[in-house]
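Report on the structure
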Amino acid sequence: MPKAELHIHLEGSIHPHTLLELATKNGTALNARDLAGVERLFRYDSFLGFLDVYRACARCLIQGEDFERVAYEMAVDLAEQNVRYAEVMLSPAQHMQRNMDFDEILGGVAAGFARAHAERGIVCKPAFDFGRQFSLQEALRAVELAQDGMRYGVVAFSIGGDEANYPPEPFVEVFAVAKAVGLHVMAHAGEVAGANSVRGAIEMLGVDRIGHGFRVLEDPELTQILARRGDITFDVCPTSNLLTGVIPLISAHPLRQMFDAGLPITLNSDDPTLFNTTLTNEFMLAAEHFNFNVDEICKVALQSIRGAFMPAAERAALLSSFKHEQAALREELGI
Ligand code: ADE
Ligand code: ZN
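The shown structure was predicted, so the numbers you read here are calculated from the model rather than taken from an experiment.

Attention now goes to unusual backbone geometry. Here histidine 212, not a glycine, exhibits a phi torsion of approximately 80°, which is positive. One can find histidine 212 in strand E6 (residues 209-212). Under the relative-accessibility criterion, histidine 212 is labelled buried at 0%. The residue asparagine 291 is not glycine, and still its phi comes out positive at about 55°. Relative to the assigned elements, asparagine 291 resides in the loop between helix H13 (279-289) and helix H14 (294-306). Judged by its relative accessible area of 60%, asparagine 291 falls in the exposed class.

Right, dumping it as structure tokens:
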């Protein structure tokens, strides 16, 4: 089935062997010496423990060629799953801290995406995901860098990181500037904090998409309003939520409740190599653990085109080809 992925982090998509090679090449401290060590590193005792590992991966990327390599490898991984379009977050604060040159970073990312496009036809667009624990001043600088990055295809600005200790409201001005310069906006919310965090991201920051967002269900009234409105897409990442410990068991994930409540949802891998998952695997989970039938799987796959940050004509063309391909596949398989 053709798919799109809207919630995936570049720094969370590095192949374990690539990570080891980059750490050695760049002399970066990494708490793993071999593949078995990386496997141990990629087990998390808490959400904040996960963020530490994510940051350690980000620190292994130093040169433009490193970004080119991981962007290319990630895009090929996606293309092999029949993903046609992806929006890929980078964490600017991690790289700003090390005074890195964003022309070199984004030039590398764009080159990696262009090579994958030429070979496999997949389209990938970069987005910035700013770690909310950094300062507002740095956030404004990150928006400037994102605006500058629009010539490399940057489409959106987002906040991620430590949601529990850093609510969305202080970022009002940052998001107003991001929107004013023509960036789309989204936020990780309702992943580690409750429904108020989702409300804040929507009402104060004006986001069109929420990363995760499952804790919105703690506020049935807000859930109902958002289901009726239908204009905010929830990018859900079930395996991520299990492995960062924000849900205790996969069966406790409210994916089915979100869908049944009428919220527009997409499925995503978030940090595929850090969680040893793929987008295909997330769809398999929906079918096998959450009893999504063929109609429901098709609807979720189309939502990732409806929620994508792309021009209306491209959206209409991609929606139409996804619908045709879904129909042809169903015919062929008799489902
Ligand atoms: N950065 C990478 N993955 C993240 C997640 N699941 N939540 C917040 N920030 C992240
Ligand atoms: Zn994320």
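Moving on, there is more to tell.
Bringing the coordination of the zinc ion (ligand 2) into the picture now. A metal bound by six donors in octahedral fashion has ideal angles of 90 or 180 degrees, whereas one bound by four tetrahedral donors has an ideal angle of 109.5 degrees. Looking at the zinc ion (ligand 2), one finds its protein donor set to be His7 (NE2), His9 (NE2), His188 (NE2) and Asp270 (OD), positioned 2.1 to 2.3 Å from the metal centre. Coordination at the zinc ion (ligand 2) is irregular, judged from the 4 donor atoms that bind it and the angles of 88 to 169° they form at the metal. Counting the intervening residues between successive donors of the zinc ion (ligand 2) yields the motif H-x1-H-x178-H-x81-D. In this pair, histidine 188 is assigned in strand E5 (residues 184-189) and aspartate 270 in the loop between strand E8 (265-267) and H13, connecting sequence segments 82 residues apart. With respect to burial, histidine 188 and aspartate 270 carry one shared label: buried.

Remark: H14 packs on helix H15 (residues 312-333), axes separated minimally by 10 Å, with the N-to-C direction vectors making an angle of 160°. Taken together, the axis directions place H14 and H15 in an arrangement best described as roughly antiparallel. Regarding H14 and H15, the two cross each other, and that crossing is right-handed. The residues of H15 that touch H14, namely those facing Val294, Asp295, Cys298, Ala301, Leu302, Ile305 and Arg306, are Arg315, Leu318, Leu319, Phe322, Lys323, Gln326 and Arg330. Its residues placed into classes, the contact of H14 with H15 shows 8 nonpolar, 1 polar and 5 charged.

Okay, the sheet that holds strand E2 (residues 83-90) next. Paired through their backbone hydrogen bonds, the strands of a sheet run either parallel or antiparallel. On the basis of which strands lie adjacent, the open sheet formed by 8 strands has the order E1-E2-E3-E4-E5-E6-E7-E8 and parallel pairing. If you trace the sheet from one side to the other, it starts and ends with strand E1 (3-9) and E8, each paired once. Ignoring which end each strand starts from, the neighbouring axes of this sheet average 25° apart. Sheet topology note: the E2/strand E3 (residues 123-131) ladder contains 6 bridges and is parallel. Residue pairing across strands places methionine 89 opposite alanine 127, the latter belonging to E3. Set on the sheet, H13 makes contact with E1, E2 and E8; between it and E1 the angle comes to about 110°.

Our next topic: the packing of helix H7 (residues 136-148) against helix H8 (residues 172-180). Relative orientation of the contacting elements H7 and H8 amounts to 5°, with a least axis distance of 10 Å. With respect to their mutual orientation, H7 and H8 come out roughly parallel. Taken together, the residues of H8 that come into contact with H7 (itself represented by Leu136, Ala139, Leu140 and Val143) are Glu173, Val174, Val177 and Ala178. Of the residues in the contact of H7 with H8, the class split is 7 nonpolar, no polar and 1 charged.

Once that is clear, we can look at the site of ligand 1. Neighbouring residues of ligand 1: 13 residues in total, closest Gly161, His188, Glu191, Asp270 and Asp271. Note that a nitrogen atom of ligand 1 is positioned 2.9 Å from one of the backbone N or O atoms of glycine 161. The side chain of glutamate 191 places a nitrogen or oxygen atom 2.8 Å from a nitrogen atom of ligand 1. Expressed as a share of its isolated accessible area of 270 Å², the protein-covered part of ligand 1 is 99%. No other element matches the 4 residues that helix H3 (residues 47-59) contributes to the shell around ligand 1. For the shell around ligand 1, the residue count by class is 4 nonpolar, 6 polar and 3 charged.

Conventions used here
- Residues numbered from 1 in each chain as written.
- Chains lettered and ligands numbered in written order.
- Predicted model: local features only at pLDDT ≥ 70, side-chain atom pairs only at ≥ 80, totals over all residues.
- Heavy atoms only, no water.
- Helix = DSSP H or I, 4+ residues; strand = E, 2+ residues; numbered from the N terminus.
- Buried < 20%, exposed > 50% of the residue type's maximum accessible area, 1.4 Å probe, protein only.
- Donors = N, O, S within 2.8 Å, 3.2 Å for Na, K, Ca; no water.
- Tetrahedral: all angles 85-135°; square planar, octahedral: opposite > 155°, others 65-115°.
- Axes fitted to C-alpha atoms, helices over the stretch in contact; angles between N-to-C directions.
- Parallel < 35°, antiparallel > 145°, perpendicular 65-115°, else oblique.
- Left-handed = near helix turned anticlockwise from the far one by under 90°.
- Contact = heavy atoms within 4.5 Å.
- Nonpolar A, V, L, I, M, F, W, Y, C, P; charged D, E, K, R; others polar.
- Pairing = 2+ DSSP bridges.
- Near = heavy atom within 4 Å.
- Polar contact = N/O pair within 3.5 Å; in protein donor to acceptor, adjacent residues only side chain to side chain.
- Areas by Shrake-Rupley, 256 points an atom, 1.4 Å probe, with all protein chains shown as cover.

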